[in-house]
Structure formats: structure tokens, C-alpha cells
Amino acid sequence: MAVEKLFKDEATEEKGERARMASFIGAMAIADLVKTTLGPKGMDKILQSTGRGRSVTVTNDGATILKSLHIDNPAAKVLVDISKVQDDEVGDGTTSVVVLAGELLREAEKLVNVKIHPMTIISGYRMAAECARNALLEKVVDNKQDAEKFKSDLMKISMTTLSSKILSQDKEHFAKLAVDAVMRLKGSTNLEAIQIIKKPGGSLKDSFLDEGFILDKKIGIGQPKRIENAKILVANTAMDTDKVKIYGARVRVDSMSKVAEIEGAEKVKMREKVQKIISHGINCFVNRQLIYNFPEELFADAGVLAIEHADFDGIERLALVTGGEIASTFDNPESVKLGQCKLIEEIMIGEDKLIHFSGCEMGQACTIVLRGASSHVLDEADRSLHDALCVLSQTVNDSRVLLGGGWPEMVMAKAVDELARKTPGKKSHAIEAFSRALLAIPTIIADNAGLDSAELVSQLRAEHHQEGSTAGIDVISGSVGDMVERGVSEAFKVKQAVLLSATEAAEMILRVDEIITCAPRRREDRM
Amino acid sequence: MALAFDEFGRPFIIIKEQESKKRLRGIDAHKANIAAGKAVARILRTSLGPKGMDKMLQSPDGDVTITNDGATILEQMDVDNQIAKLMVELSRSQDYEIGDGTTGVVVMAGALLEQAERLLERGIHPIRIAEGYEMASRIAYEHLELIAHKFEFDATNVEPLVQTCMTTLSSKIVNRCKRSLAEIAVKAVLAVADLERRDVNLDLIKVEGKVGGKLEDTELIYGIVVDKDMSHPQMPKEIQDAKIAILTCPFEPPKPKTKHKVDIDTVEKFQTLRLQEQKYFDDMVQQCKDVGATLVICQWGFDDEANHLLMHRNLPAVRWVGGVELELIAIATGGRIVPRFQELTPEKLGRAGLVREKAFGTTKDRMIYIEHCANSRAVTIFIRGGNKMMIEETKRSIHDALCVARNLIRNNSIVYGGGSAEISCSIAVEAAADKYPGVEQYAIRSFADALDSVPMALAENSGLQPIETLSAVKSQQIKKNNHCCGIDCNDVGTDDMCEQNVFEALIGKQQQVLLATQVVKMILKIDDVISPSDY
């Protein structure tokens, strides 16, 4: 007797082969989707949001594409998740990780079809991943000691990262920007200290790195436009009406005169507050919250530059740059640490006026001003630069470097192939499959560039047969070339994260033999 | 038909609205129930053992969970059938009581039901079957005790504990680094265990996860990790020899519970109120400072002004810390949770050797580590992993391992795994069956067959010939009189589980047998299912 209704209505259950097929297909579909964006000649995607305004994003960044997709297939969600983690952890390689996981599953599917148990495949993949990682570890170059060389490594890495993005035309310019910005951080990975301001207009080449700090605000009317040797008080305090914070308090008056009295008292209170602030001996006051006209006028009278409504990040960065503390009470002026900088002035970028702080006490922070033809270009440039900055800041901490252009994949594939030959049993099929999946990455890069991938990859493999080869695919000239000469480098940390997370994800999906989908939660119709 | 006639011969209906209810009775009800129970067991069957597969579950909101843990799978399934719900309960109670073996118990209940179906077809009354099962379960329970080994461990020799945890972990996705995770679990349990009373309070072990890094980076921290950062970005990121004030009152003006209004109608009142307000903040911070605190941990938020005052007086603070975490911090640092500023005294402060803030990855995720605490009885297991699902699954696996370690500290008897205990019980029950006169004999024999189904599933999942392997192992057990023979899932080459170091806790196994039998008895006693029809 069959069981009717074990699950709730609409809940579905997929078992065994069908479940496996569903997850393989889902994962591979995702991998194929982002596949074409891989490599220096990868294409971009247009994403249109479903929200109001149908805003459009043009991007090449795997994580951004996947984040905006609405996905129903659970296996596909696993891949989206690893891409997001890759973005959070190392910042780059978000496409590679998905493509590699997809290829691993594609190979696994073939093996499952010839009746090899998923668990056997998993144990083979594990061995292969370990072996591939060791192969990379053997080949890494670490130039931490040699500052000159290290800087050129960083330069190469950022150029390699940027070459697959919209900035590839001016990659040298931007690579230099990114390296300079990261070097200023002096080893910290706190990317908040690097501010990116986007201003439409001009061309991408006009983007520049500013050593000081730029705040996207206007200077109040009647206040000094230029201050030398500024003393800055960074504050987070209400400068509109100071509410009484005691619970339940309210104003109750019974005549017009009393209203006036209270108003007067309020004004006195504000005046006192402003007086206290001014008595810190400052000539610039930056507040996170609004500053009303009345206190603004008072500040103007005292010759103090008052800037209102700087957002929270702005305040934090400004405090970091100028070395001041963020103040909310002003009763003891002697002990509040003020921020300092040599010069504050109003500058023009394009059409907009901005406030520029230069000659700051702490050299860590800086601002990158991006210029470009449209806001889409700027957004994409911002994402690309963010990727480069992330990779660089991670490389500063872990300075191990590898060559790029498919070189690491070839090295890994070779080592894994050797392991397959040595391993007895069915596992060796899985190990071989792993090496095929690794080879798929240079193949896709070449395909995307419109090159004869089969020819190039086989040439590359022959090159790599020799010990210590440095050959990789040079997409620009469309041939196999020496990656040391071309200066194509990648960070070890990124490659390692790609390898490990892709294997982990593939393993997770392979282990599944049943998918149970609950009935989707009903949304109330708001008609 | 539930139709009766009153004394005047007029018909009346006892159960109303017959048409709108679905009703199953007698043998049909039994069969439907058994089929439902079997269906649930069938889902879990492939997850058993070290080579068991995972299930992918999609929740109503679209979140994906991938897991191998029986209790989790059943919990997240959208089960509608009443009997299936009983099975879910069964697995849950095993989870609460023992923490491990949640898959095994369901598989066993499924097998018992399957056997019961055959007996029903032969016309044996369900109650007789239930009684037979009850007798058989008692035999198995006692036999388990007989074959159990006591094993000795102490704070220095933890190897047996680690081995047992490894058995638990080997069926999960984390088996890649089961050794290190098992060690972490054992160390954590020993750190909080009260070896005198043989009791472990698992609440003292906090399991925290953060996406990123790799599984190998998972670590045990003798202290607390809180997923929060300092309230003010410019507060110091590292505090040595911290004295911690643990507060449950906000740094805000007081809010009396009774409804009240403060009317401001004159300028003087306005001004006094303002001064009062400033004084509040000042007093609060001063009170913390006066007792000598160097770190404030607060359950609530701070006002901007209070925040700055704290920063200004060089008093780092953490806000919005959850209640459970607050308690753990209090336990670890030996401090008291203080509900009012007035009640702060130096004795109530907690102490920690080092408090530091640590950043992860490229996003601005920060966490606060409280280490070298005065009382190191609270520990944190900090899990890293490639993605969110991995972390969740690792958390569940660690929980299982912790439970196993705890059970062993409570009762240090073990049985051997790999299905060997089940096979041994099956032999014992089979032998005992012949001694019982009456129909129960058949039920007891069926129970023995049902016990065989666990090793059978193990062998099946490992890609071995189930019947062949099982009979080989069984004959080995009888021939050599060695109850350690089990299924060689990992293809090591020996079927002696003693050599393979595959152990399970005795109470876990006993509980499995008892719980499975109880649920099956309950299901067998149902002979009428009335359910409202769809409306």
C-alpha cells in the first residue's frame, strides 16, 4: 500500500540518480553562466534589477553576477555561496572558483555514469586537491625580503587582476594607483582607510590617487574656504534641536510669552554648546549629524568651518586620517584629542565642489577619485579596483606569489596526473578527472579570447613536460609564452582559496543523494 | 458506521460529519501507519555509516541545508503524516538524550515496522507483536551490557575518548580532519567536565562559526568569542588584564516602568532637566570607572554621548551582547551580571588575561576574543570553513562529538561499532527466542532480523554485498565467539572493530534499542486513524 502524502502539499522529494542529476545540472548551469566572463578577454553581463526603476548593472565580476541572480536550484545556491565567500575572504577569483567547481562536477557526472560511487570520487578528489596544493607550495616565490622586487610583484598581480576587468585599457595606471594605496596601509588589511569617490565626467585615465582625504561635502556659506594648519574636531552630536533625553519629558506651556521664553532657553543652550565647541581652539568642525542654520551661523561668526552630515564611514575615516577622536560631549576641552592637518581647501572635480584635507598627521588613509564616462562605468571600475585592492592587501600579508596565465593550473594538473598514475584502484579515475577539470580553466580562458584552445593547451602541456617551465597562455598575442617575461603573476592565497573551496563545494554536492524541498512559504497577497 | 438508534428507534449519528472525515480502521490503519514509518526510515537509510550520503534540504524560505545528521534532516522535512511525525519525534528525543545515533534509531524503528508487517500478514495480533518486541528489547538491552567494555581514561590519557569521537565524526562531511576535530571536542569537554561528579555541562561550550579560511583552521579557544566589536571605533583593540563590568542596564537615561510625564513649563525647569541629563551620563561612566573596570560589556545600547564619555575616560565597551553570551562571559571571567549601576562593586567585576579584537577577511567583520579568563571552565570552539553550509554542518558534527564525549564521561562503557553490537544482539535474541513459548517467539525472532538491518544498511552504503557480508560477519562472530566483528566500511582489511578502534558509547546504543521499540509499540497499538479531510 502506497503512502499517500508523507510530506505537506507542494513539498517535493527527489531521490538517488534524479537528485544527483538535478544538482549536477543546476551547478553546471551556473558555472556555464559565468564561464564566459573568465580571463582577460571575458565578456560582461548586463543585469537588470526587478525593483522599481529597473536599474542596470554591467559587470564582469563573478560574485556580483551571482549575487543578483534569483536561483531556485539548491545545488546552484551552494556555488553562489562559495563565490560570495571567496569575495569576502580574498576579493578576487570569484569566477574561477565557480567555474572550477562546475568543471569538477562535470567530470564527476561522467564518472558516476560509468558506475563509480560518489564516495570514491570524493576520496580521489581529496587526494588530488591535497597534491595540487603541495605542487603549488613547491613553486611559490616569496619576495618579502626584497622590497623592490616585492613592489614589482604587487604591481604585476594588480595588473593581472585588472586585465580581466573594464580597467584593462589603463591597467598600468590603475595598478599603480592600487599598489600605492595599499602600500600606504603598511600591512593592515583595513580597506576602509581607502576611500573611493566616483565622479562622472572625464575619462578613466583622469582618475587619481590623492594622499589626503576628500570629503564629498560643501563648505557652508560665509565660512572660510581655505584653512591652513587646521585643528579639527570630529564629532557625532545633535546640532539641530537638542532633545531632552529623559523619558516622558515634554514641553507644556500655556501662553505665547512662555513659548518665547522656552525658545530663548533653547537658543541659549545651543549657543552655549557652540561656545564650548569653539573653546576647544578649533577652526574646523565636522559633525556626523545635521547642523541647523542657527549654529552654523554661530560657527561662521567665529570663523570656524563647519561641515554637516558627513556619513558614518566618512567620520571614522576622517578621525583615522587626522588622528582626532570622535567626540560627543564637550565639557573638558583640554583632554579631547583634536585632529590636525596642514591645509583644508575647497577643490573642484568636474562640476562638483569637494573639501580636501591635505598634509594629515597619519599617512595611512588616502582617497582614490574615479572619473569615467557614465555611472555604470564608474560602478564597474569601483568593483574592479576593489578586487585589486583586496588581492593586494591580502598579498601584503601573505607575500607568496605564483605566475599567472594558466600556469598554476598546468603545474597542478601535471602533479595530479602523476599522482593518478601512482594510485591503484578506482580512485585514480577521479584523480585523473580532477586534472582534466584543472585543464579546463586555461581552455576556457583561451576560448573566451577566441583562440584555438585545443592547440594552445596541448602546446602548453608539452612545454610543461620539462621541469621548471614558466610557460602560460598569452591571450594578447594568442600564443604560448613565458609568463616571467610577460610579468603575469597571481597571489598564492587566491589560488589556494579557489582550489580548496571549489573542491569542498564539489564534494558537498556529490555527497547528496536526496533533495527534499519544502513547500515555499506563502506570501500574503497585498492586493 | 457510527450510527445508533435511541429508545424510540430514531437514528442518530455518534461521530458527526462522517463524510468530511477520512477514517482508516483495523488492518488498513496498521498497514498505512507502517508504510509511513517505513518511508521515513527509507529516506534516512542511505545516510547511515561512514560512507553514508547527505541530503539536501530546501527550507520554505529557500535556504539550503546539506546534512547527514538524522535529527536535522527530519526536523527540516515538511512532514505532514502523523506517523511520520512520530518518527521525527523519535529522532529528536535521541538527539536530546544522547546527541548521536539519530539516524540509527530511525533505521531500526523502520526495520522493526517492516518485520511487524510480515507478522501481521500471518495474522498475529499487533499487541502480541508489541509484547514480543518488548521482551526482545530487554534481552538486547541486557546483552549490550554484557558485551560492553569499561575503558579507563583520565585527564592525561584521552586517546580512547578521541577514538570514540572519531567514530562519530567519520560519518560526516568533516571526516577529512576528523582527528583534529575529535581532539578539539575532547579537549573542550574535558575543560568543562566535572570529573568528580562525572557530569558535563555542555552549555559552557560555545560553538561559534565564521565563514572563510579552511576547516583545518578550526580552533579551540580557552575563553569566549563574541561576534561584536568595540562600541567606538577608536577604542583600544587589545586589553591586558582586563577587569570586566558586565551590565544589563543601558547607558541611557532611566526609563521608569510606570507611565509618567515630566512637564516643562518654565525656563528653569528646562535648564535643570538639561543639567540632570548630563549628570546621568557622567555618573554612569564614573561609577564604572570608580570600581576599577577596564572593560564594559553591556547587553543594551549606548547613547552617543555616553559612548563618547566612555571613550574619553579610556573605558572600552562592547554593546548589544546577547543574554546567553553575557552569561557565559560571566561564568568564564568569574564576574557577576550587574543590573544597575548603583550595585557595581569591585568584587563583581570579571577578570580576563587578554581581550582583543580580531578582523577577518576583506570585509569589516570583527570579533572579540576574551581569553585567559579567571575561570577557564567556559570554552569556545571556533569553526572556519569554505561556506555557510559547511560551517552549519560542522557545527552539528561537533555537537554530536561533544555529546559522545560527554556520554563517555558519564558512563565509560563502550560497545564496538560497525554494526558489531547489533549483530551480537541479534545472535543473542535469536538464541533466546526459542525459549519463549507462544506467539511472542515469532515476534522475538523478527526483532533479531530487524537488528540485522542496521549492519545491512551499513554494508549497502559502503558498496559491499549486504547479505554476503552480513552472513560472513555473523558466522565469524559465532565461530570465534568474538563480538567485535563488524562491517569493514572503510575497506581496512579486518572486520575486528577492536583493531579498527571503532567505538560507540553503551548508553547511546541502549537508548537506540529502547526508543525504537517504544515507538514501534506505540504505532502498532493504533488501529483507528481519524483525520479531518481537506477543507
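Residues numbered from 1 in each chain as written. Chains lettered and ligands numbered in written order. Predicted model: local features only at pLDDT ≥ 70, side-chain atom pairs only at ≥ 80, totals over all residues. Heavy atoms only, no water.

On to the overall build of chain B. From N to C terminus, chain B includes 16 helices and 22 strands. For the C-alpha atoms alone, the extent of chain B along its principal axes is close to 95 × 80 × 45 Å. In chain B, which comprises 535 residues, the share counted as buried stands at 56%. Within chain B, contacts between residues at least 6 apart in sequence are counted, and of these 73% link residues at least 24 apart. Just so you have it, chain B exposes about 22700 Å², and 50% of that area is on carbon and sulfur atoms. (Helix = DSSP H or I, 4+ residues; strand = E, 2+ residues; numbered from the N terminus. Buried < 20%, exposed > 50% of the residue type's maximum accessible area, 1.4 Å probe, protein only. Contact = heavy atoms within 4.5 Å. Areas by Shrake-Rupley, 256 points an atom, 1.4 Å probe, with all protein chains shown as cover.)

This part is about the overall build of chain A. Regarding its fold elements, chain A presents 16 helices and 20 strands. The buried share of chain A, reckoned over its 527 residues, is 54%. Within chain A, counting contacts between residues at least 6 apart in sequence, those at least 24 apart form 74% of the total. When the accessible surface of chain A is split by element, carbon and sulfur atoms take 50% of a total near 23300 Å². Of the charged side chains in chain A, 69 are positive and 79 negative, and the gap between their average positions amounts to 3 Å. (Lys, Arg positive; Asp, Glu negative; His and termini not counted. Charge placed at Lys NZ, Arg CZ, Asp CG, Glu CD.)

Okay, the sheet that holds strand S1 (residues 12–15) of chain A next. As summarised here, the arrangement of the 4 strands in space is S1(A)-S20(A)-S4(B)-S5(B), forming an open sheet in which the pairing is mixed. The sheet is open, and its two edges are formed by S1 of chain A together with strand S5 (64–67) of chain B, each paired on a single side. Shown here is a sheet whose adjacent strand axes are inclined to one another by a mean of 15 degrees, direction ignored. Examined bridge by bridge, strand S20 (residues 512–517) of chain A and strand S4 (residues 54–58) of chain B share 5 bridges and lie parallel to one another. Bridge pairing links A:Glu514 to B:Lys55 in S4(B). (Pairing = 2+ DSSP bridges. Axes fitted to C-alpha atoms, helices over the stretch in contact; angles between N-to-C directions.)

Glancing now at a nonpolar patch on the surface. All names here are of chain A. On the surface, a cluster of nonpolar side chains totalling about 350 Å² of accessible area is made up of Val-251, Val-253, Met-256 and Val-259. Residue position: Met-256 is located in helix H8 (residues 256–278). For Met-256, a relative accessible area of 68% gives the class exposed. (Patch = residues over 30% accessible without salt bridge, like charges linked within 9 Å, V, L, I, M, F, W, Y side chains within 5 Å. Salt bridge = Lys/Arg side-chain N within 4 Å of Asp/Glu carboxyl O.)

Attention now moves to the environment of A:Ala446. Residues and elements named next belong to chain A. Summarising the element assignment, Ala-446 is placed in helix H13 (residues 427–448). Here Ala-446 falls in the buried class, since its relative accessible area comes to 0%. Between the C-alpha atom of Ala-446 and that of Gly-478, which follows or precedes it by 32 residues, the distance is 8.1 Å. Apart from the residues lying within four places of it in its own chain, the contact partners of Ala-446 are Leu-451, Ser-453, Leu-456 and Ile-473.

Residues and elements named next belong to chain B. One pass over the full model with this rule turns up 6 aromatic pairs over all chains. Here the aromatic rings of Tyr-416 and Phe-503 are separated by 5.6 Å at their centres, their planes lie at 55 degrees, and the arrangement is tilted. Placement of Tyr-416 in strand S20 (residues 413–416) and of Phe-503 in strand S21 (residues 503–505) is noted, with a sequence separation of 87 residues between them. Accessibility assignment for this pair places Tyr-416 and Phe-503 in one class, buried. (Phe/Tyr/Trp six-rings, centres within 6.5 Å; stacked < 30°, edge-to-face > 60°.)

Here the focus is the interface of chain A and chain B. Contact with chain A, which involves 83 residues of that partner, is made by 83 residues of chain B. Both sides together, the interface formed by chain A and chain B hides about 7600 Å², and carbon and sulfur atoms give 56% of it. Note that B:Lys55 and A:Asp513 form a salt bridge whose closest N and O atoms lie 2.7 Å from each other. Linking chain A with chain B are 10 residue pairs in polar contact (both at pLDDT 80 or more), by the criterion used here. (Buried area = accessible area lost by both parts, 1.4 Å probe. Polar contact = N/O pair within 3.5 Å; in protein donor to acceptor, adjacent residues only side chain to side chain.)

Before going further, it helps to spend a moment on the pattern of salt bridges. In total, this model carries 47 salt bridges over all chains according to the counting rule given. Here A:Asp398 and A:Arg400 are joined by a salt bridge, their closest N and O atoms 3.0 Å apart. Judged by relative accessible area, A:Asp398 falls into the buried class, the value being 17%. A salt bridge links B:Lys210 to B:Asp227, with the nearest nitrogen and oxygen atoms 3.7 Å apart. One end of the pair, B:Lys210, is in strand S9 (residues 205–211); the other, B:Asp227, is in the loop between strand S11 (223–226) and strand S12 (238–247), and 17 residues separate them in sequence. According to the relative accessible area criterion, B:Lys210 is buried, its value standing at 11%.

Once that is clear, we can look at the sheet that holds strand S5 (residues 194–200) of chain A. Residues and elements named next belong to chain A. Strand order in this open sheet of 3 strands is S5-S15-S6, and the pairing throughout is mixed. The sheet is open, and its two edges are formed by S5 and strand S6 (208–210), each paired on a single side. Neighbour to neighbour, the strand axes of the sheet diverge by 25 degrees on average, direction disregarded. Taken strand by strand, helix H7 (residues 171–185) contacts S5, S6 and strand S15 (366–372), and its axis lies near 165 degrees from that of S15.

Another aspect to go through is the confidence of the model for chain B. Across chain B, the average pLDDT comes to 83, with 95% of residues at or above 70. Two numbers describe this predicted complex: its pTM, 0.82, and its ipTM, 0.77. (pLDDT = per-residue confidence, 0-100.)

Moving on: helix H10 (residues 323–333) of chain B. Considered for burial, the residues of H10(B) that qualify are B:Glu325, B:Leu326, B:Leu328, B:Ile329, B:Ala330, B:Ala332 and B:Thr333. The positive-phi residue at the C-terminal boundary of H10(B) is B:Gly334, with phi of around 70 degrees.

Here we take up the packing of helix H7 (residues 178–192) of chain B against helix H11 (residues 388–410) of chain B. All names here are of chain B. Interaxial distance between H7 and H11 falls to 9 Å at its minimum, and their mutual angle equals 50 degrees. Between H7 and H11, the interaxial angle falls into the category oblique. Where H7 crosses over H11, the two elements pack in a sense that is right-handed. The segment H7 lies against H11, with Leu-181, Ala-185, Ala-188, Val-189 and Leu-190 engaging Thr-394, Ile-398, Ala-401, Leu-402, Ala-405, Arg-406 and Ile-409. Class assignment of the residues belonging to the contact of H7 with H11 gives a composition of 10 nonpolar, 1 polar and 1 charged. (Parallel < 35°, antiparallel > 145°, perpendicular 65-115°, else oblique. Left-handed = near helix turned anticlockwise from the far one by under 90°. Nonpolar A, V, L, I, M, F, W, Y, C, P; charged D, E, K, R; others polar.)

Looking now at the packing of helix H3 (residues 82–97) of chain B against helix H4 (residues 102–121) of chain B. All names here are of chain B. Viewed as axis vectors pointing N to C, H3 and H4 meet at an angle of 140 degrees, and their least axial separation amounts to 8 Å. Of the possible angle classes, the one that applies to H3 and H4 is oblique. When the axes of H3 and H4 are compared, the crossing they make is right-handed. Along its contact with H3, which presents Met-87, Leu-90, Ser-91, Gln-94 and Asp-95, the element H4 presents Thr-102, Val-105, Val-106, Ala-109, Gly-110 and Leu-113.

Let us look at H8(A). One full turn of an α-helix is made of 3.6 residues, so residues set three or four places apart face in the same direction. Its 23 residues give H8(A) an end-to-end C-alpha distance of 33 Å, which sits within 8% of 33 Å, the value for a rise of 1.5 Å per residue. Among all positions in H8(A), only A:Ile262, A:Ala265, A:Lys269, A:Met270, A:Lys273, A:Val274, A:Ile277 and A:Ile278 are buried. (Expected span 1.5 Å × (residues − 1).)

Attention shifts here to unusual backbone geometry. A positive phi is found at A:Lys115, a non-glycine position, where the angle reads about 65 degrees. Residue A:Lys115 is classed as exposed on the basis of its relative accessible area of 71%. Phi is positive for B:Asn314, close to 65 degrees, though the residue is something other than glycine. Positionally, B:Asn314 belongs in the loop between helix H9 (304–312) and strand S15 (317–318). The class of B:Asn314 is exposed, set by a relative accessible area of 53%.

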